[in-house]
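What the coordinates show
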Amino acid sequence: MATWLEGLIALVLIIGGVFLLIGSIGLVRLPDLYTRLHGPTKATTLGMAGLLLASSVVSSITQGSISVHEWLITLFLLITAPVSANMIAKTAMHHDLTPWKRTKGQELVDPASRQAPPSDHHSVKDGKLP
Amino acid sequence: MLTWAVIIVAILICIALFLNLWRLVQGPSLQDRILALDTMYINSIALIILYGIHMGTGLYFEAALLIAMLGFVSTSALCKYLLRGDLIE
């Protein structure tokens, strides 16, 4: 393996690892659940993409042919991370978890816990669908 | 160079796993614990991929894909259980 290519792979690996660590630090340090969702869903997914890119390049070189099956995991994680974050946030809203005082979108928590549409939703009148 | 990078990234991921474990034990609400489990399985996929790079084989890819799929299914099942109190209605 050429030296510059090895250095490039090592750089991508370390960037991916640092992003994974940043996501987990965000999970520990941020004040409430709604802000804590940002760390694992954004930084950790980007870190996994970097790591799998490096793994794909390494196995392409060692096999001698282009290896694409790492991109299956990347694609799967890129699809499932927002879905699971959405489900966790929905669960938290239904359980009336109190947000931190500076978290945005607090007016949505009460309608979501009653499973009602937002109060400024124009297409729904008197709780009946048009 | 690549060997050292793999060792450094493994140390970083181990620190990240310990931070997730702290949140899993500490977490004030159940949703925090679910989120910590979700992050833990993503970090363990990273560790398995890294071991595959270290050993120079593609054997561990299937294990990583299996953990990714089952982790997503378990996260959505736990969320559904908290939402409805029931899994299969």
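Reading the values: rules and limits
Residues numbered from 1 in each chain as written. Chains lettered and ligands numbered in written order. Predicted model: local features only at pLDDT ≥ 70, side-chain atom pairs only at ≥ 80, totals over all residues. Heavy atoms only, no water. UniProt positions renumbered as here; feature names shortened; annotations may be inferred. Helix = DSSP H or I, 4+ residues; strand = E, 2+ residues; numbered from the N terminus. Buried < 20%, exposed > 50% of the residue type's maximum accessible area, 1.4 Å probe, protein only. Contact = heavy atoms within 4.5 Å. Areas by Shrake-Rupley, 256 points an atom, 1.4 Å probe, with all protein chains shown as cover. Core = buried A, V, L, I, M, F, W, Y, C linked by side-chain atoms within 4.5 Å. Buried area = accessible area lost by both parts, 1.4 Å probe. Salt bridge = Lys/Arg side-chain N within 4 Å of Asp/Glu carboxyl O.

The name given to chain B in an unreviewed UniProt entry is K+/H+ antiporter subunit F, and the organism recorded there is Oceanospirillum linum. Listed in UniProt under the heading Sequence similarities (unreviewed entry), the comment for chain B reads: "Belongs to the CPA3 antiporters (TC 2.A.63) subunit F family." Quoted straight from UniProt, the Subcellular location (unreviewed entry) entry for chain B says "Cell membrane".

Per an unreviewed UniProt entry, the recorded name for chain A is Na+/H+ antiporter subunit G, and the organism is Oceanospirillum linum.

Let us look at the overall build of chain A. Looking only at helices and strands, one finds 5 helices and 0 strands in chain A. Starting at the N terminus and walking to the C terminus, you meet the elements of chain A as α-α-α-α-α. Every one of the 130 residues in chain A was classed for burial, and the buried ones make up 42%. Across chain A, contacts joining residues at least 24 apart in sequence account for 54% of those joining residues at least 6 apart. Split by element, the accessible area of chain A, about 7500 Å² in all, is 65% carbon and sulfur.

Below, the discussion takes up the UniProt feature "transmembrane region" (unreviewed entry) in chain B. Residue and element names in this part refer to chain B. Per the UniProt record, "transmembrane region" (unreviewed entry) is found at residues 6-22, 34-53 and 59-83. What you have in residues 34-53 is 100% helix and 0% strand, and the ends, taken at the C-alpha atoms, are 29 Å apart. Its end C-alpha atoms 38 Å apart, residues 59-83 is made of 92% helix and 0% strand.

Within the largest apolar cluster, 31 residues are counted, with the highest numbers of intra-cluster contacts made by L13(A), M48(A), L51(A), I73(A), I13(B), I45(B) and L50(B). Secondary structure elements with two or more residues in this core: α1 (3-29), α3 (38-63) and α4 (70-94) of chain A together with α1 (2-26), α2 (30-55) and α3 (61-84) of chain B. Residue contributions to this core peak at 8 residues, all from α2(B). Those residues in contact with L50(B), other than ones at most four positions away along the chain, are L13(A), L51(A), V6(B), V9(B), A10(B) and I13(B).

For the rest of this paragraph, the subject is the environment of L108(A). By the secondary structure assignment, L108(A) is in the loop between α4 and α5 (109-113). Measuring from C-alpha to C-alpha, the distance between L108(A) and L75(A) comes to 31 Å, with 33 residues separating the pair along the chain.

All names here are of chain A. As annotated by UniProt and renumbered to match this structure, "transmembrane region" (unreviewed entry) occupies residues 6-31, 43-62 and 68-89. In the segment residues 6-31, helix accounts for 92% and strand for 0%; the C-alpha atoms at its two ends are 40 Å apart. Annotation note: span residues 68-89, helix share 91%, strand share 0%, distance between end C-alpha atoms 33 Å.

Moving on, we get to the interface of chain A and chain B. With 43 residues of chain A at the contact, the number on the chain B side is 40 residues. Summing both partners gives a buried area of about 3900 Å² for chain A against chain B, and 82% of it is carried by carbon and sulfur. Summed over the three residues of chain A that lose the most area to chain B, namely L27(A), V28(A) and I73(A), the buried surface amounts to 13% of that side. The interface formed by chain A and chain B holds 1 salt bridge in total.

Now for the environment of A2(A). Along the chain, A2(A) turns up in the segment before α1. Through-space distance from the C-alpha of A2(A) to that of F19(A) is 26 Å; in sequence the pair is 17 residues apart.

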